[in-house]
Amino acid sequence: MKKYLYIFCLIATFFSCKRTFKDSNFKIDSEIEEVVNSKISKSELGSTFDTLFFVYDNVLLLDNYESDSITFSTKNQERRMPFKSFFLKKNDTISIDGAYGLFGGFGFSLKIVNEEPILYHMLSGDDFPIYSRTKDGKLHFRIEVPCTETEIILSKIPDAIENEVIYGMVKFKSDIYYSASSVNGDIEPDNLQENQVGMTIYFKSRYFDFEDFRKDVSSNDNKTNTIYDK
């Protein structure tokens, strides 16, 4: 059930505020598939989510900034972490999401509207709302942070067809955002940490049929209710 709740929270925030970056570097290049395959590998956790989306181990390429200077970087470590990704379509918007971590996580959210990309740094908490766009703002489970210095490569623009797989790379520097510390479930909203990161993320993604998933969850809930009614 926790997995289902996470998916619903993830989908519910896909079509929030948008910001267009006129200087975005966006191109279609089928050769990105070969590069992506050199950066990712099979994950032991992949089979758990096979019916929903891809889960694989992905190299983590991240720069952490403080006062616009890099404080640490993972780019020379070739460290790999579990990574999840899928895309879906609603009206004229295609959304591609990818994140390190299974239930919470951090990564990117890419919206494509009329073939125009809008890229965000995405962060999602697990058990508690810990992220805010502003220092004095309300804490949220999930936020999408606007980005600058963006570069986007896709093997193709998704058509939202079943079993379709796309490959891509996103590169960005996030705006400043804030995170709260948590100790034994006690959130400290008055002690928020300022964050800013730069990331390069290689990914493969497939279509996630949210309507079919919702029907399946609804059907399972009805079966559970029937059992308890007895």
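Please refer to the structure higher up on the page.
Novice: Please explain the packing of aromatic side chains as it appears in this structure.
Specialist: Any two aromatic rings considered together are summarised by their centre-to-centre distance and by the angle between their planes. For the structure shown, the criterion picks out 5 aromatic pairs. Look at Tyr56 and Phe83: their rings are 5.6 Å apart centre to centre, the planes differ by 40°, and that puts the pair in the tilted class. Remark: Phe83 occurs in strand E6 (residues 80-90) and Tyr56 occurs in strand E3 (residues 54-59); sequence separation between them is 27 residues. Like Phe83, Tyr56 is buried. Ring geometry for Phe87 and Tyr207: centres 5.9 Å apart, planes at 40°, overall tilted. Within this pair, whereas Phe87 is found in strand E6, its partner Tyr207 is found in the loop between strand E15 (197-206) and helix H3 (210-229), the two being separated by 120 residues in sequence. Note that Lys173 overlies the ring of Tyr65, its terminal NZ or CZ placed 4.3 Å from the centroid. Directly above the aromatic system of Phe54 lies the positively charged group of Lys204, at a separation of 4.6 Å from the ring centroid.

Novice: In this structure, what is going on with the pattern of salt bridges? I would like to understand it.
Specialist: Between side chains of opposite charge, a pair can form as their charged atoms come close. All chains considered together, the criterion is met by 7 salt bridges. When the shortest N-O distance is used, the salt bridge between Glu164 and Lys156 registers 2.9 Å. Assessed through its relative accessible area of 31%, Lys156 is described here as partly exposed. Three or more residues joined by partner-sharing salt bridges are found here, namely Asp97, Lys111, Arg142 and Glu144.

Novice: How do you make sense of unusual backbone geometry when you look at a structure like this?
Specialist: Leaving glycine out, the prevailing phi sign among residues is negative, and the prevailing peptide bond configuration is trans. Positive phi, normally seen in glycine, also occurs at Glu115, with a value near 65°. Position of Glu115 among the secondary structure elements: in the loop between strand E8 (105-113) and strand E9 (116-124). Of note, Glu149 is a non-glycine position whose phi angle comes to about 50°, a positive value. As for its position among the elements, Glu149 is in strand E11 (residues 142-154). Exposure remark for Glu149: the relative accessible area of 55% places this residue in the exposed category.

So, how was this worked out
- Residues numbered from 1 in each chain as written.
- Predicted model: local features only at pLDDT ≥ 70, side-chain atom pairs only at ≥ 80, totals over all residues.
- Heavy atoms only, no water.
- Phe/Tyr/Trp six-rings, centres within 6.5 Å; stacked < 30°, edge-to-face > 60°.
- Helix = DSSP H or I, 4+ residues; strand = E, 2+ residues; numbered from the N terminus.
- Buried < 20%, exposed > 50% of the residue type's maximum accessible area, 1.4 Å probe, protein only.
- Lys NZ or Arg CZ within 6 Å of the ring centre and 35° of its normal.
- Salt bridge = Lys/Arg side-chain N within 4 Å of Asp/Glu carboxyl O.

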